[in-house]
Amino acid sequence: MSVKAFRLVPAVEQEMLMGDKVRINVECVECCGRNLYIGTNDCFVYHFLLEEKISSGKVTFVATKQLHKYLGFKKAVSELKAASALNRLLVLCDNTITLVNMMNLEPIPTGSRIKGAVTFTLNENPVSGDPFCVEVCIISVKRRTIQMFMVYEDRVQIVKEVFTPEQPCAVAVDGHYLCLALTTQYIILNYNTGTSQDLFPYCSDEKQPIVKRIGRQEFLLAGPGGLGMFATVDGISQRAPVHWSENVIGAAMCFPYVLALDDEFITVHSMLDQQLKQTLPFKEGHILQDFEGKVIVATNKGVYILVPLPLERQIQDLLTSHRVEEALILAKGARRNIPKEKFQVMYKRILQQAGFIHFAQLQFLEAKELFRSSQLDVRELISLYPFLLPTSSSFIRSHPPLHEYADLNQLTQGDQEKMTKCKQFLMSYLNEVRSTEVTNGYKEDIDTALLKLYAEANHESLLDLLVSENFCLLADSAAWLEKHKKYFALGLLYHYNGQDAAALQLWVKIVDGDIQDSTRSDIYEYIVDFLTFCSDQELVWKYAEWLLQKSQEVGVQIFTKRPLEEQGKNSFNPDDVMHCLSKYPKSLVKYLEYLVLDRKIQKEKYHTHLAVLYLEAVLQLKSATADNCVELTETQTKLRSLLQKSDLYRIHFILDKIKGADLHMERAILCGKLEEHEQALHILVRKLKDFSAAEDYCVWSSESKGLPYRQRLFHMLLSVYLTSDSSDCELVMAAVDLLNNHAVEFDVTQVLQLVPDSWSVQLLSPFLTGAMRESIHTKRMTRITLGLAKAENLIYKYDKVKLKGSPIILSDKKLCHLCQSPFCEPAFVRYPNGGMVHTHCAADRFLNPNMTHRLSSPSSRT
């Protein structure tokens, strides 16, 4: 595929060069800055001054002839090389290199020259380091000989003569390395060390060899099969070859292109991907050379310049043709020719353009990578989608534009399937980049666009966006959500923007059926949860009645499940809440349970009120349903638990409430609370015959009251069993079971006095065994405790003896460890570590602990 990389422009035409002398031919050219030199077949050198002109964006050259000079030989001028540092032009004619002045073309006065040269080249990577000389490499007329010269302003000096295995035909030089075309092969030769490296064979009889230095330690060679081969001084190729024609006669390099000349065409290949980029028709050409960025091509009668088009224009042409990969390769290759800052700006723009090309082709993965690597302003992408950018956005598209599309409708040509894919890509891309730094400064535009896309597509991520940190603009987003009937999401948006009243108003309308939104089926529960955590008490009170009317059990949660941190301050007044719940008995019970059981508020009125509500519910259920009703059982269990565990309710008030009711268990509990244990046990044993409940009664009634109190209750229960008016076998067995199962709770002596003489030992053997074990255990534990106390006392005695055992010597030479003063009296204090201090210093120790850091020890005893 073609790229217009160069344009052929005439520089010196036939009339300017030779007038009507038709036999004069161009043999060689040299260009140095604006100076153009032409060597002809009649031994003349022409000097022209080139002036570059730009008209309508096109470059042209005007050549002004300065002078021409006859060199005095009868043969053609073979080669010209300029040495601008020396102001010298090296002219090869008749195997002799003559040094002439670049301006007047006069030979140097000393007449220094190099004889016996077939061809020559300059070392563009010199090794001498002398700025006032140039290094010249010649192929000598001597067989198989290469010579190196140092050329100064007025003299020449041979420095090296190298012999080659075959006759050299062409040469290029880089530092100490020579790239040679011999008769049958190309080689790399280090003339300093003499080592050589064979490259590849070719036949000089069949085709003209080409050896050209194209960069530091790299050469371009005309290889077999019409290949342009790249080779380094190490004898390897770091680039793929380019495909030339078989009869290439010249080559030049203008990065990133390699140009080749044959009989009919000039071909342009990229060094970056080795692809043919341009072909220019050009007949009768025989010279193709590059000079400091200028590429000159010549026929026998004229000289032309190949003007490279600006790389930016070439890249834009490629992008216009949707040749993205080629454009990116060319852009990367252009890095070396463009200042860093300018390149970065240009390259980012190229990546963005390439991204939009991929996007238009629905190649979303490639587009995304290009957008992200180029740090695209995402609004460029959003602006393609109608109405996504907020009306308040100040965004203006890049100029020149990054793409050719007005909007998504034009890009997709109305194809709904393509449009849907594009919207899905934008959703995914915006979600990825919204939290990155590239969005700083326009997060509102991105989040608002993302919200609109989610709402339009009924996407599940809409709610996630609204409940997390976002920058959606309220006005645009609200109108869009209302348009797409996303009322629940609109409520979330209002809530995020601090408009809870507006949010609740919408959600209530959804529950009441005034507006339709199927986003959530549990919006009522959501409202309850929302108000539960709402700190605006006025808003909670406003909707409390509505919630309770919908569901007493669920609605009351706005009061019972409030955050823990709210209970200490700004909490709802329980009396106000209870007044509100007075019309909703189920809610009232739930709330009182919350106060009494969960928050454990120790107020008599709440405990009594809850007990009364439980009692009323039990009485109502007893009168309306059978005794085995599940609801009755649950409520009665709650009532009994409250009566047992609470000590705050009004006992006599509850007792009056249950008079005449068949609530014996409740009455027994209340009697227990009044310390009327005999009556309570009598009810449990005589009326209910619930022996298990009687035992449980003894346990819970004596909790936290000590063993004697518990023993008294169990003895009391045993007495109730044994003092029955009639010999009830059931009570006797209950008494036996009580003793055998709770042996540790009884005083054996008292029990033996109570039980009838007719009871056998075998009947009470479990009780007696348990009592005996408990007695023995108690005795042994007492002995252990005594032994441990004696051992501890012995340790203290030992410590005391040890402290008294070693003598303490006090003299006037001893110093106090704290004040470092001598002792003036026999009174002192000694620490366990042996340190002795004054008594007053020891007293100060307790006032200033820092004074005794030197006396620190595991013990503080003195």
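Look up a bit, the structure's there.
As the structure is a computational prediction, the values presented were derived from the model and not from experiment.

Asker: For this particular structure, what's the right way to read the overall build of the protein chain?
Answerer: If you tally the helices and strands in the protein chain, you get 30 helices and 30 strands. In terms of overall dimensions, the protein chain is more spread out than a globule: its C-alpha atoms have a radius of gyration of 55 Å, far above the 29 Å expected for 862 residues. The proportion of buried residues among the 862 residues of the protein chain is 47%. Pairs at least 24 residues apart make up 48% of the contacts formed inside the protein chain by residues separated by at least 6 positions. Surface accessibility of the protein chain: about 44800 Å² in total, with carbon and sulfur atoms responsible for 51%. Distance from the positive charge centre (95 side chains) to the negative charge centre (102 side chains) of the protein chain: 6 Å.

Asker: How should the packing of aromatic side chains be read in this particular structure?
Answerer: Any pair of aromatic rings gets described here by the distance separating the centres and the angle formed by the planes. Counted under the stated rule, the structure contains 27 aromatic pairs. Both rings, one in phenylalanine 559 and one in phenylalanine 572, keep their centres 5.5 Å apart while their planes meet at 80°; by these two values the pair is edge-to-face. A residue pair is termed long-range when its members are at least 10 positions apart, and phenylalanine 559 in helix α17 (residues 557-560) and phenylalanine 572 in the loop between α17 and α18 (574-581) qualify at 13 residues. Phenylalanine 572 sits in the buried class, given a relative accessible area of 7%. Ring centres 6.3 Å apart and planes at 80° place the aromatic pair phenylalanine 559 and tyrosine 591 in the edge-to-face group. Remark: tyrosine 591 occurs in helix α19 (residues 585-598) and phenylalanine 559 occurs in helix α17; sequence separation between them is 32 residues. Neither phenylalanine 559 nor tyrosine 591 differs from the other in exposure class; each is buried.

Asker: For this particular structure, what's the right way to read helix α11 (residues 474-483)?
Answerer: An α-helix turns once per 3.6 residues; consequently, residues spaced three or four apart project the same way. Those residues of α11 not exposed but buried are Asp476, Ser477, Ala478, Trp480 and Leu481. As for α11, its buried residues are in contact with α9 (443-457), α10 (461-467) and α12 (487-496). One or two steps after α11, the chain reaches lysine 485, where phi turns positive at roughly 60°.

Parameters at a glance
- Each residue is numbered by its place in its chain's sequence as written, counting from 1.
- Selection of residues for local features in this predicted model requires a pLDDT of at least 70, selection of side-chain atom pairs for listing and counting requires 80 or more, and totals for whole chains, interfaces and linings are taken over all residues.
- In computing side-chain properties, one takes all heavy atoms of the structure into account and sets aside hydrogens as well as water.
- Put simply, DSSP H or I for four residues or longer makes a helix, DSSP E for two residues or longer makes a strand, and each gets a number counted from the N terminus.
- Radius of gyration here is computed from C-alpha atoms only, and the compact-globule reference equals 2.2 Å multiplied by the residue count raised to the power 0.38.
- The rule is simple: take the accessible area with a 1.4 Å probe, protein chains only, and divide by the maximum for that residue type; under 20% is buried, over 50% is exposed, in between is partly exposed.
- It only takes one pair of heavy atoms within 4.5 Å for two residues to be counted as in contact.
- Under the convention used here, a 1.4 Å probe and the Shrake-Rupley method define accessible areas, while residue burial counts only the protein chains that appear.
- In this count, Lys and Arg are taken as positive residues and Asp and Glu as negative ones, while His and the chain termini are left out.
- Where a charge lies is defined by one atom per residue type, namely NZ (Lys), CZ (Arg), CG (Asp) and CD (Glu).
- Stacked, tilted and edge-to-face pairs are distinguished by plane angle, under 30 degrees for stacked and over 60 for edge-to-face with tilted covering the rest, among Phe, Tyr and Trp rings (Trp via its six-membered ring) whose centres lie within 6.5 Å.

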